[in-house]
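# Coordinate inspection notes
Residue-level listing of the chains:
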Amino acid sequence: MSTATQTYQPPAAQAPAHDTWAGLLRAEWTKIRSVRSTVWSLVAFVVVAIGFSLILSLVLNNDWNTTGGAGAHTQLHNDPTSVIYGAGFGLGQLALCVLGVIVITSEYTTGAIRSSLLAVPRRLPMLAAKVIVFAVLELIVGAITVFVVFFMFTSILHDHIVITLGQPGVLRATLGGILYLIVLGLFAMAVGGLIRHTAGAIATVIGLVIVVPPLVSLIPGTIANHIHGYLPTVAGQLIGQTSQQPADVLSPWQGFGVFCVWTVVLFAASAVLLVRRDA
Amino acid sequence: MPWLRSTDALAPVHRSADFAAPGLNLLALLRVCGHSGGVNVPPGLIEVRELTKRFNDKVAVNRLSFNVEPGRVTGFLGPNGAGKSTTMRLICGLDRASGGSATIGGTAYQDLKRPLLTVGALLEARALHPGRSAHNHLLYLAQTQGLPARRADEVVDLVGLHEVRNKRVGGFSLGMTQRLGIAAAMLGNPKVLLLDEPGNGLDPEGIRWVRTFVRQLASEGRTVFISSHLMSEMSVTADHLIVIGRGQLIADCATGEFIQRSSERSVLVRTTDPARLRDLITNEGGEVKDDDGPDDTATAGDVPAFVVTGLPAPRIGELAASAQIVLHELTPQLPSLEEAFMELTAGSVEYGDSTHGPGVQATPAERSMS
């Protein structure tokens, strides 16, 4: 084959060493955009989040003056953002969990991790670049989705109730919702890095996000109540509330802090194992 | 046996003499843009010292020491499970060594700033995401090294995958995947190539392509370290061989030497009067054993055959002539690389470390154990 007889020219225009970080970020962006699972997960997230919010807002608007509206009215007055974001993001967040996990586990299950680590043998820079790229992607997609949901919801219910970003706690809860989604994806990624198997990691994350909290809340007593309040997503979701509710153990920012601590600890463990384990 | 080097006799000094090989111009160029660590270490020299890897109780690589020199193709041979792949993974830092070291041009792989510019490795064909296109696989690897995107196009053309570069690699045959792996290894135009069974899944044409390819790379002054279980392929591809068994060094020598010396020269003799000739040969210091070859040769023409070691064929002929013994056959046996290999590794595969294969002295590995 004639291709074998080509002579190899050293690749010209080698980037200077300080460009390494830019290169790593570019590489992680190429990785994440070049597989279908990314697109599908994000589409699922956006469609579910906006779709369910749309349905809820239409139903509320329709039934405003009829059946059992009172409860919803009260909550919309006291804590509008929990209603607005609860419907769509409660389910849509699972797509981000899945994406966060497979961003890292797919490298292991496919063997691509070996190519990646040959290129970045120190390993941690690769993980850091992955975190940054995924966080930025989540920021963009999360911010767009959250604001679309907010303005869609409030404009549909505009005839009945006025909710604006200027009201106390609403802007914080809205931006907090975006932050929550970012950290949630990273939380899932950290678990993925620990477990390294897609199915196991997704089951673990989903279990922690939607199965464990209601189970713990069934246990009576204040200790169980505190445990429940410190669970990662239970604490994290407080940031999306307009104001602290009587039953909440933590304030919105405290809750978000607890969620961040969970994520950082899991990432630290994940990073240690990444460096120590054979790839 | 000089070609069976004991592990403690590896002197980096005499290695650099071999380095004055053709293709030095390119090497000099590579040296300028590379990241060579040590002052006197040739940039493409792989040095493995006392390398050890334990998986739980099992020792996969046991105090392995050898050098891989630039400017030639070095074959890495060993039976399945001998530790070849593990050794290569240790050199590239994918596995963490339990002991010892491996360096490239004096620098550990993990300490290379942009490793793909120094070392290109094909360790496992399926080290890629099946949902990603060939182009994107190469592109992201290029980006990690700060290489321009067109480098991905150049190497994909190099291995003949231009037409399928935008196809998802999940649909590639094993042969195409191997080519993509070689393209990835060539991304940084490295001076060191590590290829683990590159012929796997390739058709004969592909195997020939790999052979031509690696021979050319070596002639350009690069270091080519290539593992294979195809001994016949190595005999035409490799200039030098490193043979391991059970994670220990068995031989480190030129390919020709390996074939020549690993088997004691033997001669197949067929005569009508075996008893007398056997006596004559034994008196001359030769050793005789019955032919254990295929049945059809042993019984051909109802004349029994036996194998002589320790005496050359002409001397046996003279002995027969002087005693007026009729010879039907007198054939020097040329061992193939395959046979040489089997003979050398027999001890490490079938028996314990203390058992020697036929005609082989204590291996360096064994000696280093005692």
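Within each chain, residue numbers correspond to sequence positions counted from 1 in written order. Chains and ligands are labelled sequentially in the order written, the chains with letters from A and the ligands with numbers from 1. Totals for whole chains, interfaces and linings use every residue, but because this is a predicted model, local features are given only for residues with pLDDT of at least 70 and side-chain atom pairs only at 80 or more, for both listing and counting.

## Regarding the overall build of chain B
In terms of regular secondary structure, chain B is built from 14 helices and 13 strands. Partly exposed residues are those whose C-beta has more than 12 but fewer than 20 other C-beta atoms within 10 Å; with 20 or more the residue is buried, with 12 or fewer it is exposed, and the C-beta atoms are placed from the backbone. Counting all 370 residues of chain B, 49% fall into the buried class. Here contacts are defined at the residue level, using C-beta atoms placed from the backbone and a cut-off of 7 Å between them. Residue pairs in contact within chain B that sit at least 24 positions apart in sequence constitute 73% of those at least 6 positions apart. Numbered from the N terminus, helices here are DSSP runs of H or I no shorter than four residues, and strands are runs of E no shorter than two.

## Some details on the pairing of strand 8 (residues 240-245) of chain B
All names here are of chain B. Where burial is concerned, most of strand 8 is hidden: six out of the six residues are buried. Two strands pair if DSSP finds at least two bridges between them. Here strand 3 (residues 73-77) pairs with strand 8 via four bridges, running parallel. Each bridged residue has a counterpart across the sheet, and for threonine 74 the counterpart in strand 8 is histidine 240. Here strand 8 pairs with strand 9 (residues 248-254) via six bridges, running antiparallel. The residue of strand 9 that forms the bridge with isoleucine 244 is leucine 249. The turn joining strand 8 and strand 9, which pair antiparallel and follow one another in sequence, is formed by two residues; a positive phi near 50 degrees is taken by arginine 246.

## Re the interface of chain B and chain A
Interface size is often expressed as the accessible area that is lost when the parts come together. At the interface, 45 residues of chain B touch 38 residues of chain A. Breaking the side of chain B that touches chain A down by element, the ones donating at least two residues are helix 2 (24-33), helix 4 (134-144), helix 5 (150-158) and helix 7 (204-219) of chain B. Sort the elements by how many residues they give to the side of chain B that touches chain A and helix 4 of chain B lands first, with six residues. Gly counts as polar in this scheme, as do all residues outside two lists: the nonpolar Ala, Val, Leu, Ile, Met, Phe, Trp, Tyr, Cys and Pro, and the charged Asp, Glu, Lys and Arg. Taken together, the residues that form the side of chain B that touches chain A break down as 23 nonpolar, 15 polar and seven charged.

## Some remarks on helix 4 (residues 80-110) of chain A
Note that an α-helix has 3.6 residues per turn; residues three or four places apart therefore point the same way. All names here are of chain A. To estimate the expected span of a helix, subtract one from its residue number and multiply by 1.5 Å. With 31 residues, helix 4 ought to run about 45 Å at 1.5 Å a step, and its terminal C-alpha atoms sit 44 Å apart, in line with that. At glycine 86, helix 4 shows its maximal bend, which comes to roughly 50 degrees. Along helix 4, 26 of the 31 residues are buried, which leaves the element largely enclosed by surrounding structure. Directly beyond the C-terminal end of helix 4, a positive phi value near 90 degrees is found at glycine 111. We define the bend at each residue as the angle formed by axes fitted to the 7 residues ending at it and the 7 residues starting at it.

## Quick word on the packing of helix 4 of chain A against helix 8 (residues 198-218) of chain A
Residue and element names in this part refer to chain A. Orientation of helix 4 relative to helix 8, taken along the N-to-C sense of each, is 155 degrees, at an axis distance of 9 Å. By the angle class used here, helix 4 and helix 8 are roughly antiparallel. Judged by the sense of rotation from one axis to the other, the crossing of helix 4 with helix 8 is right-handed. Side by side, helix 4 and helix 8 meet where Leu94, Cys97, Val98, Val101, Ile102, Thr105, Ser106 and Thr109 of the first sit next to Thr198, Ala201, Ile202, Val205, Ile206 and Val209 of the second. Tallied by class, residues from the contact of helix 4 with helix 8 come to 10 nonpolar, four polar and no charged. Inter-axis angles, ranging from 0 to 180 degrees, are taken between N-to-C directions of lines fitted to C-alpha atoms, where helices are fitted over the stretch in contact. In what follows, roughly perpendicular refers to angles from 65 to 115 degrees, roughly parallel to angles under 35, roughly antiparallel to angles over 145, and oblique to any angle outside these ranges. Note on convention: the crossing is left-handed when the near helix lies turned anticlockwise from the far helix by less than a right angle, right-handed when the turn is clockwise.

## Things to note about the confidence of the model for chain B
Residues and elements named next belong to chain B. With 75% of its residues at a pLDDT of 70 or more, chain B has an overall mean of 80. Looking at the elements of chain B, mean pLDDT is at its lowest for helix 1 (residues 12-18), recorded as 35, and at its highest for helix 4, recorded as 97. Confidence of the predictor at the level of single residues is captured by pLDDT, which takes values from 0 to 100. Low pLDDT, under 50, characterises residues 1-38; the predicted model gives this stretch 66 contacts beyond four residues in sequence or across chains. Low confidence marks residues 350-370, where pLDDT is under 50. Its contacts with residues over four positions away, or in another chain, come to 33 contacts. Both scores are available for the predicted complex, with the pTM at 0.79 and the ipTM at 0.89.

## A few points about the nonpolar core
Among the nonpolar cores identified, the biggest contains 153 residues, and Val101 and Val191 of chain A together with Cys92, Leu138, Ala183 and Leu194 of chain B are the most heavily contacted of them. By residue number, the principal contributor to this core is helix 7 (residues 170-195) of chain A, which donates 17 residues. Those residues in contact with valine 101 of chain A, other than ones at most four positions away along the chain, are Ala188, Met189, Val191, Gly192, Thr198, Ala201, Ile202 and Val205 of chain A. Remark: nonpolar core denotes a set of buried Ala, Val, Leu, Ile, Met, Phe, Trp, Tyr and Cys residues whose joining runs through C-beta atoms within 7 Å.

## A closer look at the sheet that holds strand 3 of chain B
Residues and elements named next belong to chain B. If you trace the six strands from one edge of the open sheet to the other, you get 5-6-7-3-8-9, paired in mixed fashion. Strand pairing shows two members of the sheet lacking a second neighbour, strand 5 (119-122) and strand 9, which therefore form its edges. Strand-to-strand, the axes of this sheet are offset by a mean angle of 15 degrees, without reference to chain direction. Along the sheet, helix 7 contacts strand 3, strand 6 (192-196) and strand 7 (223-228); its crossing angle with strand 7, the most-contacted strand, is approximately 150 degrees.

## Some words on the packing of helix 7 of chain A against helix 11 (residues 252-276) of chain A
Residues and elements named next belong to chain A. Where helix 7 meets helix 11, the axes come as close as 9 Å, and the angle between the chain directions of the two elements is 25 degrees. Considering their axes alone, helix 7 and helix 11 lie roughly parallel with respect to each other. Judged by the twist between their axes, the crossing of helix 7 over helix 11 is left-handed. Side by side, helix 7 and helix 11 meet where Arg172, Gly176, Leu179, Tyr180, Val183, Leu186, Phe187, Ala190, Val191, Gly193 and Leu194 of the first sit next to Pro252, Phe256, Phe259, Cys260, Trp262, Thr263, Leu266, Phe267, Ala269, Ser270, Leu273 and Leu274 of the second. For the contact of helix 7 with helix 11, a count of residues per class yields 18 nonpolar, four polar and one charged.

## With respect to the sheet that holds strand 1 (residues 46-55) of chain B
Residue and element names in this part refer to chain B. With antiparallel pairing, three strands are arranged side by side in an open sheet as 2-1-4. Each edge of the open sheet carries a strand with a single partner, namely strand 2 (58-68) and strand 4 (99-104). Within this sheet the neighbouring strands show an average axis-to-axis angle of 20 degrees, counted without direction. Strand direction decides the pairing type here: strand 1 and strand 4, joined by five bridges, are antiparallel. Note that in strand 4 the partner of isoleucine 46 across the bridge is isoleucine 104. Helix 3 (residues 84-91) contacts strand 1, strand 2 and strand 4 of the sheet and is inclined by roughly 115 degrees relative to strand 1.

## What to know about the pairing of strand 10 (residues 266-271) of chain B
Residue and element names in this part refer to chain B. Most of strand 10 sits out of view: five of its six residues are buried. With five bridges connecting them, strand 10 and strand 12 (residues 305-309) associate as antiparallel partners. Each bridged residue has a counterpart across the sheet, and for serine 266 the counterpart in strand 12 is threonine 309. Pairing of strand 10 with strand 13 (residues 327-333) involves six bridges; the strand directions are antiparallel. Residue pairing in the sheet places valine 269 in a bridge with leucine 330 of strand 13.

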